[in-house]
Amino acid sequence: MPKVVILHQTGPRKGEKDIYSTLQYRSLFIGRSEDCDVVVPDPECVVSRSHALVEWDADSDDITQTLSITDLASANGTFVNSEPIDGVAQLCNGDAVQLGKKVGPVIRIAVIKPKNEAEEGVSEQQMRDAFPEVRDLEAEEERASKPAPGTRVLPVDED
């Protein structure tokens, strides 16, 4: 049975992933309230208590075609791939959803189908395939953090 995967790309839960069975869930509430399915802690209070709702048709042959997100009249808005949404927006696998303007946390959402019915989790390869943009961003960040070849890094005198 397909799984809905939420990958926390930025914010307090950066690098964490949440996996939801489409047999047990038909929608996910996202917000900073502990009552939400996907809890996004937010010390800046950019994320509303009940910020957005992700829905899909679990009876569909291709759940990825029915994946959508609704902004629940949040104070700071919901953005899909940097575009503000008004009401409901269709989602594609791997889309970036920002909860709130500018500094709001970014999550990515995808539907992943296990290779066989007995498989419970999601493999790292399936994660890389579902979120190729994240892999590219991580590689770019790693390259940017390293000095260019041939560059000498000198110690900094603190005095």
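That block above? That's the structure.
Residues numbered from 1 in each chain as written. Predicted model: local features only at pLDDT ≥ 70, side-chain atom pairs only at ≥ 80, totals over all residues. Heavy atoms only, no water.

The next subject is the overall build of the chain. Along its length, the chain carries two helices and eleven strands. From first element to last, N terminus to C terminus, the chain shows the α and β order β-β-β-β-β-β-β-β-β-β-β-α-α. The buried share of the chain, taken over its 159 residues, is 43%. Within the chain, contacts between residues separated by at least 24 positions form 42% of all contacts whose residues are at least 6 apart in sequence. By element, 49% of the accessible surface of the chain is carried by carbon and sulfur atoms, the whole surface being about 9,500 Å². (Helix = DSSP H or I, 4+ residues; strand = E, 2+ residues; numbered from the N terminus. Buried < 20%, exposed > 50% of the residue type's maximum accessible area, 1.4 Å probe, protein only. Contact = heavy atoms within 4.5 Å. Areas by Shrake-Rupley, 256 points an atom, 1.4 Å probe, with all protein chains shown as cover.)

When you line up the elements, Arg32 lands in the loop between strand 3 (27-31) and strand 4 (38-39). On the accessibility criterion, Arg32 (24% relative accessible area) is partly exposed. As a C-alpha pair, Arg32 and Asp42 span ten residues in sequence and 6.5 Å in three-dimensional space. In this structure, Arg32 is in contact with Val39, Val40, Asp42, Cys45, Val47, Ser48 and Arg49, ignoring residues within four places of it in sequence. Among the polar contacts made by the side chain of Arg32, one reaches the main-chain carbonyl oxygen of Val47 at a distance of 2.6 Å. (Polar contact = N/O pair within 3.5 Å; in protein donor to acceptor, adjacent residues only side chain to side chain.)

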